[in-house]
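Understanding the architecture of this molecule
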Amino acid sequence: MSSSDIFIGETIGTAVLILLGGGVCAAVTLKRSKAQNASWLAITFGWGFAVLTGAYLAGGVSGAHLNPAVTIGLAIEGGTKWSDVPLYLGSQLLGAMIGAVLVWLTYYGQFRAHLTDPEILGAQPGEEAMVDKASAPKAGPVLGIFSTGPEIRHAVQNLVTEIIATVVLVLAILTQGLNNEGNGLGTLGALVTALVVVGIGLSLGGPTGYAINPVRDLGPRIVHALLPLPNKGGSDWGYAWIPVVGPLIGGAIAGGLYNVAFA
């Protein structure tokens, strides 16, 4: 496939992935949303459908990696040229940032209602609903719509969790070609991958929020830092390396494991 195919497919596919995935997080989190408090189950299935939609859109154009961990795994396995890897990764990051901006535009009113609500900001009734920037938390009140964060902050455990979950994802994608004809599952592969993502969210997502995709976390985190959101608090950059490094390591392990055990 051409460079333009990779750029267009990965940018649009990843943008839709983040729009729908971040969208379900916004729907469940924000005040004045009809889906507020719809639960973790809604989030896991929402992200699964987001993967399904993005993969169907991009599958015939770029192969629908939509995830640097998948790209690295495929490069190690041999299905993707190393020379194409930078273009894949750059396109995915751009798409993730576009998707995050679209979530903000879609829920613009809800973001403002949420971030000026005294209950959300911890103010007493009648007090001005503002957050002192000097005392703002390192993870602001809507950062979870954009990026992941751990329930228990322990760098080693958090990193290992992301590695394990990503190995499951990438290995499931790589082994889709192991049938009698050796030609993969075609468009059905997008559905299988989406169900795997739902399964990972339900089973392995509790500790860290299952980034399992570096740009899914980094791109929206950058957007969170740049958007003019009132009282948004911090972007938690101290944690940001874990959902980038962990999935990359997991993707590499999955590619190597495939070559040793399945090739």
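An account of the accompanying structure is given in this report. Keep in mind the model is a prediction, meaning the values are calculated, not measured.

Counted under the stated rule, the structure contains one cavity of 30 Å³ or more. The volume enclosed by the largest cavity comes to roughly 40 Å³. For the largest cavity, the full set of lining residues is Ile18, Gly22, Trp47, Ala100, Val103, Ile145, Phe146, Arg216 and Pro220. Looking at the lining of the largest cavity, the elements with two or more residues in it are helix 1 (3-29), helix 4 (85-106), helix 7 (143-146) and helix 10 (214-226).

Next up on the list: the packing of helix 2 (residues 40-62) against helix 9 (residues 188-204). As a packed pair, helix 2 and helix 9 sit with axes 8 Å apart at the nearest point and diverge in direction by 155°. It follows that helix 2 is roughly antiparallel to helix 9 by the angle criterion. As helix 2 packs across helix 9, the resulting crossing turns out to be right-handed. Of helix 9, the residues touching helix 2 (which contributes Trp40, Leu41, Thr44, Phe45, Trp47, Gly48, Val51, Leu52, Ala55 and Tyr56) are Ala190, Leu191, Thr193, Ala194, Val197, Val198, Gly201 and Leu202.

Attention now moves to the pattern of salt bridges. Applying the stated criterion to the full structure yields three salt bridges. For Arg153, the salt bridge goes to Asp236, with nearest N and O atoms at 2.8 Å. Separated by 83 residues along the polypeptide, Arg153 in the loop between helix 7 and helix 8 (155-174) and Asp236 in the loop between helix 10 and helix 11 (242-261) bring together distant segments of the chain. Judged by its relative accessible area of 43%, Arg153 is partly exposed. Overall, Asp236 belongs to the buried group, its relative accessible area being 5%. With its nearest N and O atoms 2.7 Å apart, the salt bridge here joins Asp217 to Arg221. Note that Asp217 and Arg221 are positioned in helix 10 at a spacing of four residues, about one turn of the helix.

It is worth spelling out the nonpolar core at this point. One finds Trp47, Phe111, Val142, Ile145, Phe146 and Leu229 to be the most contacted residues of the largest nonpolar core, which totals 39 residues. Elements with a contribution of two residues or more to this core: helix 1, helix 2, helix 4, helix 5 (108-115), helix 7, helix 8, helix 9 and helix 10. Discounting residues that sit within four places of it in the chain, Ile145 has contacts with Gly22, Cys25, Ala26, Thr29, Leu30, Val103 and Phe111. Counting residues in hydrophobic clusters, the runner-up holds 13 residues, among them Leu74, Val167, Leu171 and Leu174.

Glancing now at the side chain of Thr14. Tracing the backbone through its elements, the reader meets Thr14 in helix 1. Overall, Thr14 belongs to the buried group, its relative accessible area being 0%. Setting aside residues no more than four positions away along its own chain, Thr14 makes contact with Leu66, Gln92, Gly95, Ala96 and Val215.

In this section: unusual backbone geometry. Here the phi dihedral of Leu66 falls at roughly 60°; this positive angle occurs in a residue that is not glycine. Tracing the sequence through the fold places Leu66 in the loop between helix 2 and helix 3 (68-77). When its relative accessible area of 5% is taken as the criterion, Leu66 is described as buried. Positive phi is not limited to glycine here, since Ile212 has a value of about 45°. Looking at the secondary structure, you find Ile212 in the loop between helix 9 and helix 10. Looking at Ile212, the relative accessible area reads 5%, which means it is buried.

About the criteria used
- Residues numbered from 1 in each chain as written.
- Predicted model: local features only at pLDDT ≥ 70, side-chain atom pairs only at ≥ 80, totals over all residues.
- Heavy atoms only, no water.
- 1 Å grid on protein atoms, 1.4 Å probe; cavity = no way out; pocket = protein on both sides within 12 Å on 5 of 7 lines; lining within 4 Å.
- Points joined across faces, edges and corners; volume = space filled by probe spheres on them.
- Helix = DSSP H or I, 4+ residues; strand = E, 2+ residues; numbered from the N terminus.
- Axes fitted to C-alpha atoms, helices over the stretch in contact; angles between N-to-C directions.
- Parallel < 35°, antiparallel > 145°, perpendicular 65-115°, else oblique.
- Left-handed = near helix turned anticlockwise from the far one by under 90°.
- Contact = heavy atoms within 4.5 Å.
- Salt bridge = Lys/Arg side-chain N within 4 Å of Asp/Glu carboxyl O.
- Buried < 20%, exposed > 50% of the residue type's maximum accessible area, 1.4 Å probe, protein only.
- Core = buried A, V, L, I, M, F, W, Y, C linked by side-chain atoms within 4.5 Å.

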